[in-house]
Amino acid sequence: MESVPSARRKKAMNPLKREANITGWIFVSPMVLGFAAILMVPLFQAFYMSLTDWPLLGEAKFIGFDNYVNILSDHDFWVVLGNTFYFAAGLVPLNIAIALLFAVLLAKSMPGISWFRTAIFVPVMTSLIVWSIVWKYMFATDSGFINQILQLIGIEGPAWLYNPQLAMPAVIITSVLKNVGLNMVLFIAALQQVPVHLYEAAKIDGANRFTQFIRVTIPLITPTLFLTIIMTVIGSMKVFGQIYVMTQGGPGSSTKVMVYYIWEKAFKLFEFGYASALAYILFFLIMAFTLIQWTLRKRWIFHEN
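Just so we're clear, the structure is a prediction, and the values are computed from it rather than from any experiment.

Rules used throughout
- Residues numbered from 1 in each chain as written.
- Predicted model: local features only at pLDDT ≥ 70, side-chain atom pairs only at ≥ 80, totals over all residues.
- Heavy atoms only, no water.
- Phe/Tyr/Trp six-rings, centres within 6.5 Å; stacked < 30°, edge-to-face > 60°.
- Helix = DSSP H or I, 4+ residues; strand = E, 2+ residues; numbered from the N terminus.
- Lys NZ or Arg CZ within 6 Å of the ring centre and 35° of its normal.
- Polar contact = N/O pair within 3.5 Å; in protein donor to acceptor, adjacent residues only side chain to side chain.
- Contact = heavy atoms within 4.5 Å.
- Buried < 20%, exposed > 50% of the residue type's maximum accessible area, 1.4 Å probe, protein only.
- Salt bridge = Lys/Arg side-chain N within 4 Å of Asp/Glu carboxyl O.

Caption draft 1: Quick peek at the packing of aromatic side chains. Counting across every chain of the model gives 20 aromatic pairs. Between the aromatic rings of tyrosine 244 and tryptophan 263, the centroid separation amounts to 5.3 Å while the plane-to-plane angle is 80°, which identifies the pairing as edge-to-face. Linking tyrosine 244 in helix H11 (residues 241-246) with tryptophan 263 in helix H12 (residues 258-267), this pair joins segments that are 19 residues apart in sequence. Grouped by ring-pair contacts, the aromatic residues Phe47, Tyr280, Phe283 and Phe284 constitute a single cluster. Positioned above the aromatic ring of tyrosine 274 is the side chain of lysine 265, whose terminal nitrogen or guanidinium carbon lies 5.0 Å from the ring centre. The side chain of arginine 297 reaches across the aromatic face of tryptophan 294, ending 3.9 Å from its centre.

Quick look at the structure:
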């Protein structure tokens, strides 16, 4: 049974705790109110718009879930969704693999190594629009830098951005080179945290460099690997700028992805209700992929086994 002095002390502390809680809420209230005003209110507004026929001019008409039903029977939607998955499937493994390769090569401290790290990271800080414009001209059919290089070795370069089979790979390559530096920096930080004595122990046991990398390095950097995969998957599902600048969704619909399709429906065809429904479908797709990765993390992340 609780003693009387202990109960009195708890009663005396309650006002102090209450005052501390009030003070804490006062300090966080600007962020909470800003979060609600900037994110939550537009989020609910967009959901309401997705339940309406919302034209640019005139009154909105509530139609329930008709937009969602129409999307499921929309052939263009399935083409666009397939293109989005195609882009993500090409970008994510390529980005992660190249970033990890660069990180392994540049993780050690050597004279001049910082210059190489900077050169790879600079595209991350470069404007996406500028980067896409430069690569659009590099992929140009006649005067593009890439085709001119191919001509020097006797190869006639294709029309990269006007070929339905080559346009998406060209955009994927452009996107990988743009953002690979960010994941590289994260991997370098993770590699530098791996204890050296583990490599020494593995070497004594007869493990070569490749075995050390597979058995020691990869397991210990899996938390960073998990983070980079989630960020890269989310980024690949939201791609827009490269598509808008380089291909405009073409040729045909070969590079038209979800965010570009949403933009097209909203700001070219002024079907804001339909575009809002598309945006929510994309939101739930990204959430589903993130939750699946989060659920499976304990099966392969070393520190959570």
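Caption draft 2: View of the side chain of serine 254. Relative to the helices and strands, serine 254 resides in the loop between H11 and H12. In this structure the side chain of serine 254 is engaged in a polar contact, spanning 2.8 Å, whose partner is the backbone oxygen of proline 251. Not counting the four nearest positions on each side in its chain, serine 254 is found in contact with Asn83, Pro164, Ala167, Met168 and Gly249.

Caption draft 3: Structural detail: unusual backbone geometry. Cis geometry marks the peptide bond from glycine 250 to proline 251; its omega dihedral reads -5°. Mapping proline 251 onto the fold places it in the loop between H11 and H12. For glutamine 248, which is not glycine, the phi dihedral falls at a positive 55°. Residue glutamine 248 is classed as partly exposed on the basis of its relative accessible area of 41%. Although it is not a glycine, phenylalanine 270 sits at a positive phi angle of roughly 60°.

Caption draft 4: Region of the structure containing the pattern of salt bridges. Taken as a whole and judged by the stated rule, the model has two salt bridges. Close ionic contact of lysine 265 with glutamate 271 constitutes a salt bridge, the shortest N to O distance being 3.7 Å.

Honestly, that's just the spatial picture; any functional story needs more than this.
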